[in-house]
Amino acid sequence: MNDIQLPPIDYAALLPMLIVFGLACVGILAEAFVPRKHRFAVQATLTLAALIAGLVTVIINRDLEVTTIGGAVTIDGAGLFLQGIILVLGIVAFGLIAERRLERGGAFVANAAHAADSDGDKKQLNEAGATEIFPLTLFAIAGMMLFCVSGDLLTMFVALEVFSLPLYLMCGLARRRRLLSQESALKYFLLGAFASAFFLYGVALIYGYAGSVQLVAIKQSVLDSDKSGVLLAAGLALLAIGLLFKAAAVPFHVWTPDVYQGAPTPITALMAACVKAAAFGGLLRVFNVAFETTSWDWRPVITAVAMATMIVGSILAVTQTDIKRLLAYSSIANAGYLLVGVVSLGGAVGSSMFYLVAYGFSVLAAFGMVTLVRDADGEATHLSRWAGLGKGSPLFSAMFTIIMLGFAGIPLTSGFSSKFALFSSAWDANQSALVIVGVLSSVVLAFPYLKVVVLLWLNPPGDETPTVSVPGYLTRAVVGVGVLATIVLGVAPSWLLDMVNSAGTFLAK
Amino acid sequence: MDGYLGSYATLGILLLVAGAFFAVAYTANRLLRTNAPSAAKSTTYECGLDPAGGDWAQAQIRYYVYAFLYALFAVESVFLFPWATVFDALGMITVAEMGVFVAVLALGLLYAWRKGVLSWTTA
């Protein structure tokens, strides 16, 4: 029998993930043993502590570059920065998830499995929501952190499942509009399961080609393998389908509007900010490390996908009448802009990460404000109900206007600086066609945002205009941080640009 | 029949043979048998009982407990058996690691037990 060599494990490098995973497990124990009335306070504290401790350890590790557990995890500058983004955005999204002042018992129900509008379902409308949401959030965030630093495709697959499964569950927990919420959870689960299968089949084919699932070994085998290139091309195509599904790129975007609309708004915010960061972290790593040398093969396809994503996302956003669906299509179009960064490879990694930060903060603030516009049936998300909100709630409308202008890419907002950084690095990488499509589609995309602004200020308020709820401290903090980041990253983006540039790129050895 | 993908040709031939076998068997069956359809013959066969209710029934959510416990113990044993053959050569560190692994799975079981999932009758 051959001696088995245990791979060396660098616990310090893994510490951020170990903390978040470990405290998620503690959260499960708390759920089982802490008395019901203390559970919310315990879980919320635990979750916030886990996220902050994770962030602190990521910052301590900032100069680390190491491949550990036999190549399963690669900690490098870009990976650590992505982990940091996910944790920071996760902390902000936590504010929305833990908010219990807007609605008695929070935005979630206790039992997602009750059939919509059954007796049990009606009864739980007035009960306190599930506190399992906190360990689930931690598991999802830890999975995203692992996804960004996985050094082989199997670890990446496990991480993908670890962050997807909690999200499927959390989508079905909305307190209001139960049927829509359950529908979104089922759709997301079924389509996500298909995408996972595609991903896994792609991994199998690539293993057949390269004889390894490690990203660096795949890169090496591209240079000296004698296997048929069909295996590599087919494997890469299937792998890309799995990844592009999570990133919500056209034509794998159809789930996005339904899921974003049906899921509880705090979870939609978490998906739009953190999952986007994780999915593009994974995409950037796979294409930059494993397939950089084969870019001639995949570049035309991903370029076409990026163009389709930008165009379809922005055109369909124009036709939306529901604010959550509008933001969903805007998130699809933004996935297209980020794909420009993926196609441009090495030079655009930094500006892609900058874009993820800028977009993440703005989108969290936007969904945070969506939770505030309420009537007796919960959130009023139809755009016609938003007409004339500026009269009664000028501060709210002003802040929402800033976010919308940011999304539209008006100068002095983060939307402008991030798009400028991304497009200029794509231009330097000779992707001029993509840049032109990107600029034109962002002009189209500015229309729906400005339409909302006009609706808020210039339309007369109707009889049915809902009230803007007085936000609790947590939502107030989330919206404040999001709006502040949108302005600061627009006016003075250089410090963060320096940071992403000094974070460097992915470790490919 | 050589080359990396060439070995799949054998599989392709097997698929063709299987398809041909299926077609021949069913055609022979159709040619040889008598044909006497009746309403009773085209009902759903349900272990000899008369089928009751529609086919669009909701499954009892409780059955997920089976799946839950199965996954828990199956995953555990998949890793425990190979580990059991080599752990003495690798020292205490693998014992500790397996302890962590089993503890994480036990955590799920503990949670399920505290939530009353393991008792069949209470809702």
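Nothing here was measured: the structure is a model prediction, and the numbers come from that model.

A word on the overall build of chain B
Counting its secondary structure elements, chain B contains three helices and zero strands. For a compact globule of 123 residues, the expected C-alpha radius of gyration is about 14 Å, and chain B comes in at 26 Å, more than 25% above that figure. For chain B, the spread of C-alpha atoms along the principal axes amounts to about 70 × 60 × 20 Å. Counting every position in chain B, which comprises 123 residues, the buried fraction comes to 0%.

Focus on the overall build of chain A
Looking only at helices and strands, one finds 20 helices and five strands in chain A. Taken against the 2.2 N^0.38 rule, which gives 23 Å for 509 residues, the C-alpha radius of gyration of chain A at 22 Å falls within 12% of a compact globule. With the C-alpha coordinates aligned to their principal axes, the bounding extent of chain A is approximately 70 × 55 × 40 Å. Here chain A, with 509 residues, has 55% of them falling under the buried criterion.

Topic: the sheet that holds strand S4 (residues 378–379) of chain A
All names here are of chain A. With respect to topology, three strands assemble into an open sheet ordered S4-S3-S5, the strand pairing being antiparallel. The open sheet has two free edges, formed respectively by S4 and strand S5 (467–468), since each of these has just one partner strand. In terms of strand pairing, strand S3 (residues 373–375) meets S5 through two bridges, oriented antiparallel. Considered in S5, the bridge of Arg-374 is made with Thr-467.

Some words on the interface of chain A and chain B
Chain A puts eleven residues into the contact, and the matching count from chain B is twelve residues. Residue composition of the side of chain A that touches chain B, grouped by class: eight nonpolar, one polar and two charged.

Some details on the UniProt feature "domain: NADH:quinone oxidoreductase/Mrp antiporter transmembrane" (unreviewed entry) in chain A
The feature "domain: NADH:quinone oxidoreductase/Mrp antiporter transmembrane" (unreviewed entry), as given by UniProt, occupies residues 150–443 of chain A in the numbering adopted here. Each end of residues 150–443 of chain A is marked by a C-alpha atom, and these two atoms are 36 Å apart; helix forms 78% of the span and strand 2%.

Describing unusual backbone geometry
If a residue is not glycine, its phi is most likely negative; likewise, a peptide bond is most likely trans. Residues and elements named next belong to chain A. Going from Val-250 to Pro-251, the amide bond is cis rather than trans, its omega being 5 degrees. For Ala-248, which is not glycine, the phi torsion reads 60 degrees and is therefore positive. Residue classification places Ala-248 among the buried positions, given that 29 C-beta atoms sit within 10 Å.

Here's the deal with the nonpolar core
Residues and elements named next belong to chain A. Core analysis: the biggest nonpolar cluster contains 180 residues, and Val-20, Ile-86, Ala-93, Ala-142, Met-144, Cys-274 and Leu-364 have the highest contact counts within it. The element that contributes the greatest number of residues to this core is helix H11 (residues 265–290), accounting for 18 residues. Here Ala-93 is in contact with Pro-266, Ala-269, Leu-270, Ala-273, Cys-274 and Leu-364, once residues within four sequence places are set aside.

What to know about helix H3 (residues 92–114) of chain B
For H3 of chain B, spanning 23 residues, the distance from its first C-alpha to its last is 32 Å, which sits close to the expected 33 Å at 1.5 Å a residue. Just beyond H3 of chain B, the residue with positive phi is Gly-116 of chain B, at close to 75 degrees.

As for the confidence of the model for chain B
Residues and elements named next belong to chain B. The pLDDT averaged across chain B works out to 83; a share of 94% of its residues lies at or above 70. Across chain B, helix H1 (residues 8–32) holds the top mean pLDDT of 94, while helix H2 (residues 64–90) sits lowest at 84. Quick note on the complex model: pTM equals 0.89, ipTM equals 0.77.

Quick word on the environment of Ala-185 of chain A
Topologically, Ala-185 of chain A is positioned in helix H7 (residues 178–210). Exposure remark for Ala-185 of chain A: the 23 C-beta atoms within 10 Å place this residue in the buried category.

Let's talk about the packing of helix H12 (residues 295–318) of chain A against helix H13 (residues 323–343) of chain A
All names here are of chain A. Contact pair H12 / H13: the axes reach a minimum separation of 8 Å and the direction vectors enclose 155 degrees. With respect to each other, H12 and H13 are oriented roughly antiparallel. Crossing angle aside, the handedness with which H12 passes H13 is left-handed. On H13, the residues that touch Arg-299, Ile-302, Thr-303, Val-305, Ala-306, Thr-309, Met-310, Gly-313, Ser-314, Leu-316 and Ala-317 of H12 are Leu-326, Tyr-329, Ser-330, Ile-332, Ala-333, Ala-335, Gly-336, Tyr-337, Leu-339, Val-340, Val-342 and Val-343. Here the residues of the contact of H12 with H13 are counted per class, giving 16 nonpolar, six polar and one charged.

As for the packing of H11 of chain A against H13 of chain A
Residue and element names in this part refer to chain A. At their nearest, the axes of H11 and H13 sit 11 Å apart, and the two run at 20 degrees to each other. Overall, the two elements H11 and H13 adopt an arrangement that is roughly parallel. Pair H11 / H13 crosses with right-handed handedness. Within the contact between the two elements, H11 uses Thr-268, Ala-272, Lys-276, Phe-280, Leu-283, Leu-284 and Phe-287 and H13 uses Lys-324, Ser-331, Leu-338 and Val-342. Looking at side-chain class alone, the contact of H11 with H13 contains seven nonpolar, two polar and two charged residues.

A short note on the environment of Val-109 of chain A
Residues and elements named next belong to chain A. Tracing the backbone shows Val-109 in the loop between helix H3 (77–97) and helix H4 (119–123). Separated by 18 residues in sequence, Val-109 and Glu-127 have C-alpha atoms that sit 7.5 Å apart. Excluding anything up to four places from it in sequence, Val-109 contacts Gln-124, Gly-129, Ala-130, Leu-173 and Arg-175.

Observations concerning the confidence of the model for chain A
Looking at chain A, the pLDDT average stands at 91 and 99% of residues meet or exceed 70. Mean pLDDT in chain A bottoms out at S5 of chain A, which sits at 81, and peaks at helix H5 (residues 133–149) of chain A, which reaches 96.

A word on the environment of Leu-11 of chain B
Residue and element names in this part refer to chain B. Position of Leu-11 among the secondary structure elements: in helix H1. A tally of 9 C-beta atoms within 10 Å means that Leu-11 is categorised as exposed. For the pair formed by Leu-11 and Pro-51, sequence separation is 40 residues and the distance between their alpha carbons is 40 Å.

Rules used throughout
- Residues numbered from 1 in each chain as written.
- Chains lettered and ligands numbered in written order.
- Predicted model: local features only at pLDDT ≥ 70, side-chain atom pairs only at ≥ 80, totals over all residues.
- Helix = DSSP H or I, 4+ residues; strand = E, 2+ residues; numbered from the N terminus.
- Rg over C-alpha atoms; globule rule 2.2 N^0.38 Å.
- Buried ≥ 20, exposed ≤ 12 C-beta atoms within 10 Å, placed from the backbone.
- Pairing = 2+ DSSP bridges.
- Contact = placed C-beta atoms within 7 Å.
- Nonpolar A, V, L, I, M, F, W, Y, C, P; charged D, E, K, R; others polar.
- UniProt positions renumbered as here; feature names shortened; annotations may be inferred.
- Core = buried A, V, L, I, M, F, W, Y, C linked by C-beta atoms within 7 Å.
- Expected span 1.5 Å × (residues − 1).
- pLDDT = per-residue confidence, 0-100.
- Axes fitted to C-alpha atoms, helices over the stretch in contact; angles between N-to-C directions.
- Parallel < 35°, antiparallel > 145°, perpendicular 65-115°, else oblique.
- Left-handed = near helix turned anticlockwise from the far one by under 90°.

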